[in-house]
Amino acid sequence: MGKIIELKKVNKWFDKFQVLKDIDLEVASQEKIVICGPSGSGKSTLIRCINRLEEHQEGNIIVDGTKLAENTKNIEKIRAEVGMVFQQFNLFPHLSILDNCTLAPIWVKKLPKKVAEKIAMDNLTRVQIDDQALKFPGQLSGGQQQRAAIARALCMEPKIMLFDEPTSALDPEMIKEVLDVMVDLAKGGMTMIVVTHEMGFAKEVADYMIFMDEGKIVERAKTKEFFENPKSDRTKLFLSQIL
Amino acid sequence: MILTYLKPTKDKINTFLPLGSIFVIFAFLDILANTFLNRNITGFLPQTLSFLIPLLFGFVGFYLIRIEFSGIRFLDKLNKNINSSNFNAFLTLLILFIIIKAISPLMNWLILEANFVGSTKDDCTGNGACWVFIKVWFNRLMYGLYPDVEQWRVNSAFILLFALVGIAFFVPQKIKKYFIIFLLFVYPFIGIKLLSGGSFGLVYVETAAWGGLSLTFIISAFAILFCFPIGVFLALGRRSSLPAIRYISIGFIELWRGVPLITVLFMAAVMFPMFLPDGTFIDKLIRVLIAITLFEAAYMAEVVRGGLQALPKGQYEAAKSLGMGYWRMNILIILPQALKLVIPGIANTLLALVKDTPLIFVVGLMELAGMIGLAKTNPKWLGMAMEGYVFAGLVFWIICYAMSRYSQNLEKKLSTER
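Residues numbered from 1 in each chain as written. Chains lettered and ligands numbered in written order. Predicted model: local features only at pLDDT ≥ 70, side-chain atom pairs only at ≥ 80, totals over all residues. Heavy atoms only, no water.

Visitor: What am I meant to see in helix 15 (residues 343–356) of chain B here?
Guide: For an α-helix the count is 3.6 residues per turn, leaving residues at separations of three or four pointing the same way. All names here are of chain B. Counted at 1.5 Å a residue, the expected span for helix 15 with its 14 residues is 20 Å, and the 20 Å between its end C-alpha atoms agrees. All buried positions along helix 15 are accounted for by Ile343, Ile346, Ala347, Thr349, Leu350, Leu351, Leu353 and Val354. Contact partners of the buried residues in helix 15: helix 9 (212–238), helix 12 (284–310), helix 14 (326–341) and helix 17 (385–414). (Helix = DSSP H or I, 4+ residues; strand = E, 2+ residues; numbered from the N terminus. Expected span 1.5 Å × (residues − 1). Buried < 20%, exposed > 50% of the residue type's maximum accessible area, 1.4 Å probe, protein only. Contact = heavy atoms within 4.5 Å.)

Structure follows, in structure tokens:
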């Protein structure tokens, strides 16, 4: 398994405030990584740098062999290979669920409409909302919307999936249905980087855990070790508060 | 004791309802007799009191019938909507009386005492409006100075337009786009050729002769057609991350928004030709059209920008994360939502555009209002300003109301809310 994502000495500032400090990270193909940490620790910023929704100022980010830089054309190519799921779903409210899923495959990957629709329906079936395909996002519950958003990202057939706190905006009852979909996806062999506070999910699927605080990676460890025998005091404190 | 007895309640409904109704009915009888039959029932009273009697009686009557939970649906509805308190009852009465008082002279002037028959000003003998004026000048009000024998060309241009638009509404989705492309890119040339002539055996009619309502339509249609896309580009430009494009857009918008339309038109018609090299000539109507289009585009840009700013950042990020570039993101995701949000603002701008067209009189072009200005100064028809402008107002109102309704329908149709 080769490295699919590689971050070297990545630094990023918002004005004078440094959000990312010397981040080094390697992710192999098919690996699942869960990032946790207190709010404001830079976890979201980190994964948003991977598909360049945020720009880093120092260091190197290499995704699937391509170095992220100012070059626009290749960033769109990278983004087409990296799916992202947002906390607020960000479905397109003016389009039906099916159109949400087929839009990018048709216009970015230039697939014929029929093929795109077939892929969309397969993915909607996979997340179990195929019966909602013709509805608009506003007509769906939060959990259904988030599953639709996952399906939309999968329709681009990405190599990597990024999840930015996918269950944080959901009612407690709906968290499980979204996590189930993510677990299923993980078992299917997808490379995943997940920012979440759902430690049950982390224990179930993560190969590695990363704990971040104040813009730094404080601890990176195999999941079992991370929970049973954390090294840093900061990690211990954090875990004692959320477990 | 007496006060509690006077409070209208449900158990005393049999006394209060008839009593109150009598008061209200009397109040309205008085005012109706006064307005329409010229008879003052309460003439025996002092003048001030007689004048206020309907208001007084109506007020007392409304108080007496204000019975809570009367059980009579009509009464409950009435009380809730127009008679919920003493103050509201007073306002209701006042407004109704003013309307009744105003209707009578208005109707007299507009219809009952107006003149419809005849062909000269002397045929207007009544006290009301002289609609003969509109009748005699109707042709000019519609076509301006366009030669009478050639007016079929204007008619057929508009009939063709309306027919195409009408058909476009009903044809299936697949053919629809060809219709729209034809309408936007082919029809304008056919229309212009029909109107101006000069070839295909059509006599040349110079644009200075165009006028009346048809010119209102021509200018509005062209300006709407072009100011919309230009406005969208300017709005995107103003939010662009490229400084050059951003500053050009800001400069353009602020320049045109800062100048009154009347100055812009004057510049286009009088000043602009001076800067052109000798021998080049751009038709005045075209210069005016470009001026109005750019002027309205600046306003349109700001309306559209309002919609762009209202969209959450997440929409941009979601589009980007799916690999869409700038144009795909804007065309497929951002603009459809932003434009839908600002339909009321767009309608506002376009209505203002239509109503701005009369300003072209400053450069000697005369659409509907301009033709009326011309007609009312004709020595044979002096003193017809009121009829003329009431007619123009009515026509503009019909056009604008139709546009307004269309925008409301569009809003409803495009709504994907629950």
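Moving on from the coordinates now.
Visitor: Could you clarify how one ought to interpret the interface of chain A and chain B in this entry?
Guide: Many authors give the size of an interface as the accessible area that is lost as the parts come together. Contacts between chain A and chain B engage 26 residues on the former and 21 residues on the latter. In total, chain A and chain B occlude about 2,000 Å² of area from one another, counting both sides; carbon and sulfur atoms represent 61% of this. Taken as a group, Arg79, Phe92 and His94 of chain A account for 26% of the area that chain A buries against chain B, more than any other trio of residues on that side. Counting across the chain A and chain B interface gives one salt bridge. Salt-bridge contacts for arginine 48 of chain A lead to glutamate 317 of chain B; the nearest nitrogen and oxygen are separated by 2.6 Å. One can count six residue pairs in polar contact (both at pLDDT 80 or more) joining chain A with chain B. Tallied by class, residues from the side of chain A that touches chain B come to 16 nonpolar, five polar and five charged. (Buried area = accessible area lost by both parts, 1.4 Å probe. Salt bridge = Lys/Arg side-chain N within 4 Å of Asp/Glu carboxyl O. Polar contact = N/O pair within 3.5 Å; in protein donor to acceptor, adjacent residues only side chain to side chain. Nonpolar A, V, L, I, M, F, W, Y, C, P; charged D, E, K, R; others polar.)

Visitor: Help me out: how do you make sense of unusual backbone geometry in this one?
Guide: A negative phi angle characterises most non-glycine residues, just as the trans form characterises most peptide bonds. All names here are of chain A. The backbone of arginine 52 sits at a positive phi, close to 60 degrees, despite the residue not being glycine. Looking at the secondary structure, you find arginine 52 in the loop between helix 1 (43–50) and strand 4 (58–63). Of note in the backbone geometry, lysine 110 takes a positive phi value of approximately 60 degrees without being a glycine. Mapped onto the secondary structure, lysine 110 falls in the loop between helix 3 (97–107) and helix 4 (113–126). Relative accessible area serves as the criterion here: at 56%, lysine 110 is assigned to the exposed category.

Visitor: I'm lost on the nonpolar core in this one. Help?
Guide: Across soluble globular proteins, you tend to see nonpolar side chains buried next to one another. One finds Leu7 and Ile35 of chain A together with Leu141, Leu308, Met324 and Leu368 of chain B to be the most contacted residues of the largest nonpolar core, which totals 130 residues. In terms of residue count, the dominant contributor to this core is helix 12 of chain B (13 residues). Not counting the four nearest positions on each side in its chain, isoleucine 35 of chain A is found in contact with Lys43, Leu46, Ile47, Ile193, Val194, Val195, Thr196, Ile210 and Met212 of chain A. Membership of the second largest hydrophobic core comes to 49 residues, among which are Cys101, Ala120, Leu179 and Met182 of chain A. (Core = buried A, V, L, I, M, F, W, Y, C linked by side-chain atoms within 4.5 Å.)

Visitor: Would you mind showing me how to read the layout of surface pockets here?
Guide: Empty space among the atoms becomes apparent when a probe as large as a water molecule is rolled across them. Residue and element names in this part refer to chain B. The calculated volume of the second largest pocket comes to roughly 1,000 Å³. Around the second largest pocket, the lining is made up of 31 residues, and of these Ser241, Tyr316, Lys320, Tyr326 and Met329 lie nearest the centre. Considering only residue class, the lining of the second largest pocket consists of 13 nonpolar, seven polar and 11 charged. (1 Å grid on protein atoms, 1.4 Å probe; cavity = no way out; pocket = protein on both sides within 12 Å on 5 of 7 lines; lining within 4 Å. Points joined across faces, edges and corners; volume = space filled by probe spheres on them.)

Visitor: It is not clear to me how the sheet that holds strand 1 (residues 3–14) of chain A should be interpreted in this structure. Could you clarify?
Guide: The strands that make up a sheet pair up through hydrogen bonds in the backbone, lying either parallel or antiparallel. Residue and element names in this part refer to chain A. The strand order across the open sheet formed by four strands is 2-1-4-5, and the pairing between neighbours is antiparallel. Two strands lie at the open edges of the sheet, namely strand 2 (17–28) and strand 5 (66–67), each paired on one side alone. Across five bridges, the pairing between strand 1 and strand 4 is antiparallel. Note that in strand 4 the partner of asparagine 11 across the bridge is glutamate 58. (Pairing = 2+ DSSP bridges.)

Visitor: So what exactly am I meant to see when it comes to the pattern of salt bridges here?
Guide: Side-chain pairs of opposite charge can arise where the charged atoms are in close proximity. Using the criterion set out here, one finds 25 salt bridges over all chains in the structure. Here glutamate 302 of chain B and arginine 238 of chain B are joined by a salt bridge, their closest N and O atoms 2.9 Å apart. Of this pair, glutamate 302 of chain B sits in helix 12 while arginine 238 of chain B is found in helix 9, placing the two residues 64 residues apart along the sequence. Just as glutamate 302 of chain B is buried, arginine 238 of chain B falls in that class too. Taken together, the shared-partner salt bridges in this structure form one network comprising Lys12, Arg48 and Glu54 of chain A together with Lys313 and Glu317 of chain B.

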